[in-house]
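# Overview (structure and organization)
The chain contents come next:
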Amino acid sequence: MSYQMPRGTQDILPKDIAKWHRLEELIRQFCYVYNYNEIRTPIFEHTEVFKRGNDSSDMVNKEMYTFQLTNSRTSLTLRPEGTAGVVRSFVEHKMYGDAELPAKLYYLGPQFRHERPQKGRQRIFHQFGVEVIGAKNPLLDVEVIALGWSFVNALGLKDMKVLLNTLGDDASRDAYRAALKAHFADAIDDMCADCKRRYEQNPLRILDCKIDAEKDIMKTAPHMKDYLNEESKAYFAKVCEGLEALGIPYEIDDRLVRGLDYYTHTVFEVVSVNQEMGSQSTVFAGGRYDGLVSYFGGPEGMSGIGWAMGLERLILACEAEGIVLSEEEGLDAYVLCLDESASVAALQITTMLRAAGYRCERDYLGRSFKAQFKSVERRHAKYAILVGEKEVQSGVLTIKRTADRMQFEGAIDELVEVMDRLMEEEEGAHHHE
Ligand code: ATP
Ligand code: MG
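Heads up: these notes are all about the structure in this document. (Residues numbered from 1 in each chain as written. Chains lettered and ligands numbered in written order. Predicted model: local features only at pLDDT ≥ 70, side-chain atom pairs only at ≥ 80, totals over all residues. Heavy atoms only, no water.)

### Brief notes about the nonpolar core
Heads up, the rule is: Take the buried residues of types Ala, Val, Leu, Ile, Met, Phe, Trp, Tyr and Cys, join any two whose side-chain atoms come within 4.5 Å, and each joined set is a nonpolar core. Working definition: with a 1.4 Å probe on protein chains only, accessible area under 20% of the residue-type maximum means buried, over 50% means exposed, and in between means partly exposed. Here a helix means four or more residues in a row that DSSP labels H or I, a strand means two or more in a row labelled E, and each is numbered from the N terminus. Throughout, a contact is declared for two residues whenever any of their heavy atoms are within 4.5 Å.
Counting residues in hydrophobic clusters, the biggest one holds 50 residues, and the most contacted among them are Phe128, Phe151, Val152, Trp307, Met309 and Leu314. Counting residues per element, this core draws most heavily on helix α5 (residues 138-154), which supplies 9 residues. Leucine 314 has contacts with Leu23, Phe151, Val152, Leu155, Leu157, Val283 and Met309, leaving out every residue within four places of it along the chain.

Written out as structure tokens, the structure reads:
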């Protein structure tokens, strides 16, 4: 029996939640100004939404949490990624018919992959992702990258690098695949089992192999760029021009193929080069996909582009660079209850303050004055409000300002007004500093 977190999962504890809130807030802010709208799709989908044709990716072949209920023939899968569900939804709700295309969407939520857990690699992790569907324009690829790039910049990340490549259109990729097949034909017997499978299903993916990466046959493999037709070359040149126009530094990585099978043209990975990140250094990654919309039954030739960002990795990258995502926030007031007979009054006072928007707390353990005062310090309360039998009878409270230990008096009925005044004073003092 085990009452512990399953391997590769993690509780996000209250002490860490402020970071997540900060990230989520910033994500929504960025998506708002870039005019991307949130979409929430189911956490599980029909398995075939993710397992399409003879997909060669590890994610689809080995990492999916797939289940079937006893009295059902439907196979369901916990989503391992966001794009498939979003495109499925785009087609199902006929968003391709919307007057304003492209649809600009974002999502935020957990993903599930049965992987070997490591630092920066979990079985449940969270992604912020964007998808723009219904327009094919290299400068849109630039916008999509720029959104992620400016987001990580806004957090203060400096050790980041954009790796860029193109997989070209179908014709270019077919030519390249044939060249790769010829190149690896004699060597494939000595390569890993995954590469053997990739050789049959999608030889491009061999280049993504982490096991055979150092073999000479990998280093001498043909280059994508030599198989691009004019159209694909022109598309890629425009992407590069747009990135340069926005001052986004990038590096062309001719071997970048990405982990999923559906990409065409632009692919990219934004990585942290900080030493502490180890091999899990990709913070966000994505690319353009031409075939997905029609695969799900949408119009032929409708293209999309997107990326997904691992939020746990983003947090690790911030920590590696010493970026503090959130400071602990203290209370506005702590109400000290001096006698049991004042307990109801203390409840009324906290309720009144909360209704006015003040963050406050009180004692519920019947502790001594000294112990309660410790809470004032521990919780960084700006004010300590004392309520005992005497205060209830006189209707007058003592309010202590912790910063300078100044003491104020206020009628219970006017407590909110007194607090407003004190807070305003404090604001004013800050402005004069
Ligand atoms: P990797 O090569 O690291 O396995 P991937 O190609 O599988 O990445 P994508 O499917 O493109 O990654 O997912 C986008 C982002 O989601 C990654 O760049 C990473 O930040 C994050 N991510 C992917 N898998 C995990 C995981 N198991 N745990 C934490 N974050 C992950
Ligand atoms: Mg992976």
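### Some words on the site of ligand 1
Our working rule: A molecule or strand has a residue near it when one of that residue's heavy atoms lies within 4 Å. Polar contact is the term for a pair of N or O atoms within 3.5 Å; when the atoms are in protein, one must be able to donate a hydrogen and the other to accept it, and sequence-neighboring residues count only if both atoms are side-chain atoms. In the scheme used here, Gly and all other residues not listed as nonpolar or charged are polar, with Ala, Val, Leu, Ile, Met, Phe, Trp, Tyr, Cys and Pro taken as nonpolar and Asp, Glu, Lys and Arg as charged.
Around ligand 1, the structure places 14 residues, and the nearest of them are Arg113, Glu115, Arg121, Gln122 and Arg258. Arginine 121 is positioned with one of its side-chain polar atoms (N or O) 2.8 Å from an oxygen atom of ligand 1. Contact between ligand 1 and glycine 310: an oxygen atom at 3.2 Å from a main-chain N or O atom of the residue. Elements represented by at least two residues in the shell around ligand 1 include exactly β6 (124-133), β10 (282-289) and β11 (304-310). Of the residues contributing to the shell around ligand 1, the split by class is 3 nonpolar, 5 polar and 6 charged.

### Some remarks on the packing of helix α1 (residues 17-33) against α5
Quick reminder of the rule: Axes, fitted as lines to C-alpha atoms, cover a helix only where it is in contact. Angles between the N-to-C directions of the axes lie from 0 to 180 degrees. Between 65 and 115 degrees an angle is taken as roughly perpendicular, under 35 as roughly parallel, over 145 as roughly antiparallel, and anywhere else as oblique. In this scheme the handedness of a crossing depends on how the near helix is turned from the far one: anticlockwise by less than a right angle means left-handed, clockwise means right-handed.
Contact geometry for α1 and α5: axes closest at 11 Å, N-to-C directions at 140 degrees. With respect to their mutual orientation, α1 and α5 come out oblique. Two packed elements cross with a definite hand, and for α1 against α5 that hand is right-handed. Across from Leu23, Leu26, Ile27 and Phe30 in α1, the residues of α5 making contact are Leu147, Ser150, Phe151 and Ala154. Looking at side-chain class alone, the contact of α1 with α5 contains 7 nonpolar, 1 polar and no charged residues.

### Digging into the sheet that holds strand β2 (residues 44-46)
Quick reminder of the rule: DSSP bridges decide pairing: two strands pair if at least two such bridges lie between them.
Judged by pairing direction, the sheet is antiparallel, and its 3 strands sit side by side in the order β2-β4-β3 without closing on themselves. On the outer flanks of this sheet lie β2 and β3 (66-68), each paired with one strand and no other. Averaged over neighbouring strand pairs, the angle between their axes works out to 35 degrees when direction is ignored. Pairing analysis gives 3 bridges linking β3 to strand β4 (residues 75-78), with the strands arranged antiparallel. Opposite phenylalanine 67, over in β4, you have leucine 76 as the bridge partner.

### Notes on the packing of aromatic side chains
Under the convention used in this document: By convention, a stacked pair of Phe, Tyr or Trp rings (six-membered ring in the case of Trp) has centres within 6.5 Å and planes under 30 degrees apart, an edge-to-face pair has planes over 60 apart, and any other such pair is tilted.
Counted according to the given criterion, the structure contains 12 aromatic pairs. Aromatic side chains phenylalanine 30 and tyrosine 34 sit 6.4 Å apart centroid to centroid with 15 degrees between the ring planes, which places their arrangement in the stacked category. Using a relative accessible area of 15% as the deciding quantity, one classes phenylalanine 30 as buried. Owing to a relative accessible area of 22%, tyrosine 34 belongs among the partly exposed residues under this scheme. Here phenylalanine 30 and phenylalanine 151 contribute two aromatic rings whose centre-to-centre distance is 5.7 Å and whose plane-to-plane angle is 85 degrees, an arrangement assigned as edge-to-face. Taken as a pair, phenylalanine 30 in helix α1 and phenylalanine 151 in helix α5 lie far apart in primary sequence, 121 residues in all.

### Structural notes on the side chain of glutamine 127
For glutamine 127, the position within the fold is in strand β6. Since its relative accessible area comes to 8%, glutamine 127 is described here as buried. There is a polar contact of 3.3 Å between the side chain of glutamine 127 and the side chain of glutamine 111.

### Some thoughts on the sheet that holds strand β1 (residues 37-38)
Overall, mixed pairing links the 8 strands, which are arranged β1-β5-β6-β11-β10-β9-β7-β8 in an open sheet. Every other strand in the sheet has two partners, leaving β1 and β8 (250-252) as the edge strands with one partner each. Sheet analysis places β1 next to strand β5 (residues 103-112), joined by 2 bridges and oriented parallel. Opposite asparagine 37, over in β5, you have leucine 105 as the bridge partner. Strands in contact with α1 are β1, β5 and β6; relative to β5, the strand with the most contacts, it is inclined by about 160 degrees.

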